[in-house]
Amino acid sequence: AAGRRAVHAHRAAELADELESDPLFELVRRPQLGVVVFERVGWQKADYDRWSGKLLDDQYAFVTPSSHGGRTNARFAILNPRTTWADLMGILDTMR
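Per chain, the residues get numbers from 1 upward, laid out in the order the sequence is written. Totals for whole chains, interfaces and linings use all residues, but because this is a predicted model, local features are given only for residues with pLDDT of at least 70 and pairs of side-chain atoms are given and counted only at 80 or more. Calculated side-chain values reflect all of the structure's heavy atoms, with hydrogen atoms and water omitted.

1. Some thoughts on the confidence of the model for the chain
Chain-level statistics for the chain give a pLDDT mean of 93 and a share of 95% at 70 or above. Per-element confidence in the chain is highest for helix α2 (residues 45-57), whose mean pLDDT is 98, and lowest for helix α1 (residues 2-20), whose mean pLDDT is 86. Values of pLDDT, which run from 0 to 100, indicate the predictor's confidence residue by residue. Only runs of H or I of at least four residues qualify as helices and only runs of E of at least two qualify as strands under DSSP, and these elements are numbered from the N terminus.

Below is the structure:
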């Protein structure tokens, strides 16, 4: 279990680095364990709701909008050990 948590934390840190390097995204805070919280620059709650609904309708991913400090954002909770870097980048690509 501890090994899996370390893998999730490492993958989350890599994702945070990717988000910080992309001007379309703003990292809300550095990840804790396997949770990454970020904003898509320019998006409002309706944009996140539409995006999340489409991901679910397409059975692509289950990512629901969250909020921090009164602002809507996205939160990836990396729990499945089979989640790949390509999976995460694919989800981010749906926000571009």
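Read on for the rest.
2. Remarks on the packing of aromatic side chains
Aromatic rings from Phe, Tyr and Trp, with only the six-membered ring used for Trp, were paired whenever their centres fell within 6.5 Å, and each pair was classed as stacked if the ring planes differed by under 30 degrees, edge-to-face if by over 60, and tilted otherwise. Going through the model one piece at a time under the given rule, you end up with four aromatic pairs. For the pair Phe25 and Phe38, a centre-to-centre distance of 5.8 Å together with 80 degrees between the ring planes defines the contact as edge-to-face. In this pair, Phe25 sits in strand β1 (residues 25-32) while Phe38 sits in strand β2 (residues 35-40), placing the two residues 13 residues apart along the sequence. Burial classification: accessible surface area is computed with a 1.4 Å probe over protein chains only, and a residue below 20% of its type maximum counts as buried, one above 50% as exposed, and the rest as partly exposed. You can call Phe25 buried: its relative accessible area is 6%. Classification of Phe38 by relative accessible area gives buried; the value is 0%. On the basis of an interplanar angle of 85 degrees and a centroid distance of 5.1 Å, the ring pair of Phe38 and Phe76 is categorised as edge-to-face. Residue Phe38 is located in strand β2, and its partner Phe76 is located in strand β4 (residues 71-77); the two are separated by 38 residues in the primary sequence. The two residues Phe38 and Phe76 agree in class, both being buried. One aromatic cluster is present, built from ring pairs that chain together Phe25, Phe38 and Phe76.

3. Re the sheet that holds β2
DSSP bridges decide pairing: two strands pair if at least two such bridges lie between them. What the four strands build is an open sheet, ordered β1-β2-β4-β3; its pairing is antiparallel. The sheet terminates laterally at β1 and β3 (65-68), the two strands that pair on one side only. Across the sheet, the axes of successive neighbouring strands diverge by a mean angle of 35 degrees, strand direction being ignored. Here β1 pairs with β2 via five bridges, running antiparallel. Within the sheet, the bridge partner assigned to Phe25 lies in β2 and is Arg40. Against the sheet, α2 makes contact with β2, β3 and β4, and its axis sits at roughly 30 degrees relative to β4, the strand it touches most. Axis definition: a line fit to C-alpha positions, over the contact stretch in the case of helices; interaxial angles, taken between N-to-C directions, run 0 to 180 degrees. By definition in these notes, contact holds between two residues if any of their heavy atoms fall within 4.5 Å.

4. A word on the pattern of salt bridges
Put simply, a salt bridge is a Lys or Arg side-chain nitrogen that is within 4 Å of an Asp or Glu carboxyl oxygen. Under the definition given, this model contains nine salt bridges. As a salt-bridge pair, Asp58 and Lys54 come within 2.7 Å of each other at their nearest N and O atoms. Judged by its relative accessible area of 48%, Asp58 is partly exposed. By sharing partners, the salt bridges in this structure join Asp17, Glu20 and Arg30 into a single network.

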